[in-house]
Amino acid sequence: MKKLVQLYKNSYRGLSTEAWLLALVMLINRTGSMVIPFLSMYMASELHFSKAQVGMVLGCFGLGSVCGSWLGGWLTDRLGNFRVQATSLLLAVPIFIMLPQFRTFESLAGMIFLLTLVADTFRPANSVAVARYAKPENLTKAYSLNRMAVNLGFSVGPALGGFLAMISYSWIFYGNAIAALSAAVVFLIFFRNRKPRSTAPLQQKEEKIITKNDRNAYRDVPFIVFNVFCCLFSMAFFQLLSTVPLYYKEVIELSEVQIGMLLGFNGFSIVVFEMLLVHGVERRFSPRQVMIFGTAVAGISYFMLSIPLGIAWLYFAMFVLCVGEMLTLPFTATISASRATPNTQGAYMGFNSLAFAAANIFSPYLGTYVAAHFGYQILWFGTAGLLIFTSIGFSWILKKM
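Residues numbered from 1 in each chain as written. Predicted model: local features only at pLDDT ≥ 70, side-chain atom pairs only at ≥ 80, totals over all residues. Heavy atoms only, no water.

Colleague: Just checking my understanding: could you explain the domain arrangement of the protein for this structure?
Modeller: By convention, interface size is frequently given as the accessible area that disappears when the constituent parts associate. Parsing the protein into structural domains produces domain 1 (15–195) and domain 2 (218–400). Inter-centroid distance (C-alpha atoms) of domain 1 to domain 2 is 18 Å. With 46 residues of domain 1 at the interface, the matching set in domain 2 holds 53 residues. Here domain 1 and domain 2 share an interface that buries about 4,100 Å² over both sides, 70% of which is from carbon and sulfur atoms. Counting every contact that joins domain 1 to domain 2 gives zero salt bridges. Here domain 1 and domain 2 share one residue pair in polar contact (both at pLDDT 80 or more) between them. Residues of the side of domain 1 that touches domain 2, tallied by class, amount to 27 nonpolar, 13 polar and six charged. (Domains from an automatic or database assignment. Contact = heavy atoms within 4.5 Å. Buried area = accessible area lost by both parts, 1.4 Å probe. Salt bridge = Lys/Arg side-chain N within 4 Å of Asp/Glu carboxyl O. Polar contact = N/O pair within 3.5 Å; in protein donor to acceptor, adjacent residues only side chain to side chain. Nonpolar A, V, L, I, M, F, W, Y, C, P; charged D, E, K, R; others polar.)

Given below as C-alpha cells:
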C-alpha cells in the first residue's frame, strides 16, 4: 500500500501550480458535460427525430466543433489564450439557456452548430495555456492532468445528467450553463494577472519575430497525415457519445440513470488510473509504441460490444476502452505541442483539435446510418476494424515524424 501511495505521489509530482489551476477550471466546466451523451436520446425520445435527423444534428455539432477549433487556434495566436478562453466560457452560458426553446430539426441543428462553434474555441486556447504554464519536463503529465479533470467532470456530468433527464431534459441544458459560468468566474479570478512560464510571442504583428523553424501547420505534410489518423481514431472512438448511448437505450434497454452511470464510469476510471498509467509508460516506451498499443486496445473494446453478456460485461468493455483512451489521447497533444514553435503553437494545437472535431461531422451520421440499415453488430465490427487500421497508420507516420 505504501508503494502504491508513493507511486501516485510520483505521478503528480513536479506539476506547476498553474497546471493544477487550469485543471480546476476544466473540471468545473466539464462537470456540466451533460448535453453531449444525452443529446442523441433527447432528440430520439423527446423530440421524436428519426435516426437520420439525429445523425445530421450531431453532424452539425461536429461542424461547429471544427469551425470552433480552427477559429480558436487562429484567435489564440493573435489575441492570446486568456482572452479566447474567457470569451468562450462566457458566451456559451446564454446559448445553453436558450437551447431547450429550439425543438424543430432545423432550429436545433443551427443552435447546436452555434453552441459548439463558441464552446470549442476554448479547446486550442486551453491546450496552448497548458503548454505555456507547464514545466517543459512535465508536459505530458500536464496534459494528462487536464484530461483527468475533463474525465472527472465527465464522470460526474453524465451521472447527474441521468437523474436530471428523469425530471426533464431541459434541466440538462441549464446545468451546463451553470457549469460554464462557474468555470469562467474561477478562470478570471486565477489567471487575470498571471504570467506564463514560457514566453510566447504575442506582440503586435510587426514586432513578431519569425524564425526558420516556424513551419506552417497546414503545410507540414507528416503532421497533416498524423492528424488524418487522429481523425480516424476520433470517428471510431466517439461512437461513445452518439450511437453507444442509443445502443444502451434501444437494445440493452437501460434507463437514463443506468446509462449515465455507465458513461460516468468511463470518466471515473480515467481519473483513477490515467496519471498512474502515463507515469508508468512515458519513461519506458516511446509515444509511438504507446499510441499503437492504445489504439488497438480501443478497437478490442468495440468488438466486445458485439458480444451481449450482460451489464457487468458492458462495464468491462468500457474499462478496456478507457485503457485505450488513456494510452492514446494524452500523447496526441504532446506530439502536436512538441512539433510546434512558440509562434505556431496555437495553429498546431488548433489543427490537432480540428482533426478530432472533424470526425464529429461524419462519425454520428455514419454511425446512426450503419446502425439503422445494417444493425449495431456490423457497426461494432466496423468500428473495431477502423481502430486496428488506425493503429497501423500511427505506427507508420510516427516512425517518419
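Colleague: Just to check I follow, could you spell out the nonpolar core for this structure?
Modeller: The nonpolar side chains of a soluble globular protein tend to be buried, and buried together. Met43, Leu108, Phe226, Leu240, Tyr248 and Tyr302 are the most contacted members of the largest nonpolar core, which has 89 residues in total. A domain-level breakdown of this core finds at least three residues from each of domain 1 (15–195) and domain 2 (218–400). Among residues more than four places away in sequence, those in contact with phenylalanine 226 are Met291, Thr332, Ile335, Ser336, Asn352, Phe394, Ile397, Leu398 and Met401. Among the nonpolar cores identified, the runner-up in size contains 32 residues, and Ala19, Leu22, Ala129 and Ala183 belong to it. (Core = buried A, V, L, I, M, F, W, Y, C linked by side-chain atoms within 4.5 Å. Buried < 20%, exposed > 50% of the residue type's maximum accessible area, 1.4 Å probe, protein only.)

Colleague: Help me out: how do you make sense of the packing of aromatic side chains in this one?
Modeller: Pairs of aromatic rings are described using the distance from one ring centre to the other and the angle between the two planes. Tallying each qualifying case throughout the model produces 26 aromatic pairs. Seen from their ring centres, phenylalanine 223 and tyrosine 348 are 4.7 Å apart, and the 50° between their planes marks the pair as tilted. With phenylalanine 223 in helix H10 (residues 221–237) and tyrosine 348 in helix H15 (residues 345–374), this pair connects stretches of sequence that are 125 residues apart. You'll find phenylalanine 223 and tyrosine 348 in the same group, each marked buried. Both rings, one in phenylalanine 265 and one in tyrosine 315, keep their centres 5.2 Å apart while their planes meet at 75°; by these two values the pair is edge-to-face. Taken together, the positions of phenylalanine 265 in helix H12 (residues 256–281) and tyrosine 315 in helix H14 (residues 311–339) put the pair 50 residues apart, joining distant regions of the chain. What makes tyrosine 315 partly exposed here is its relative accessible area of 26%. Site record: aromatic cluster; members linked through ring pairs are Tyr218, Phe223, Phe226, Phe229, Tyr348, Phe351, Phe389 and Phe394. (Phe/Tyr/Trp six-rings, centres within 6.5 Å; stacked < 30°, edge-to-face > 60°. Helix = DSSP H or I, 4+ residues; strand = E, 2+ residues; numbered from the N terminus.)

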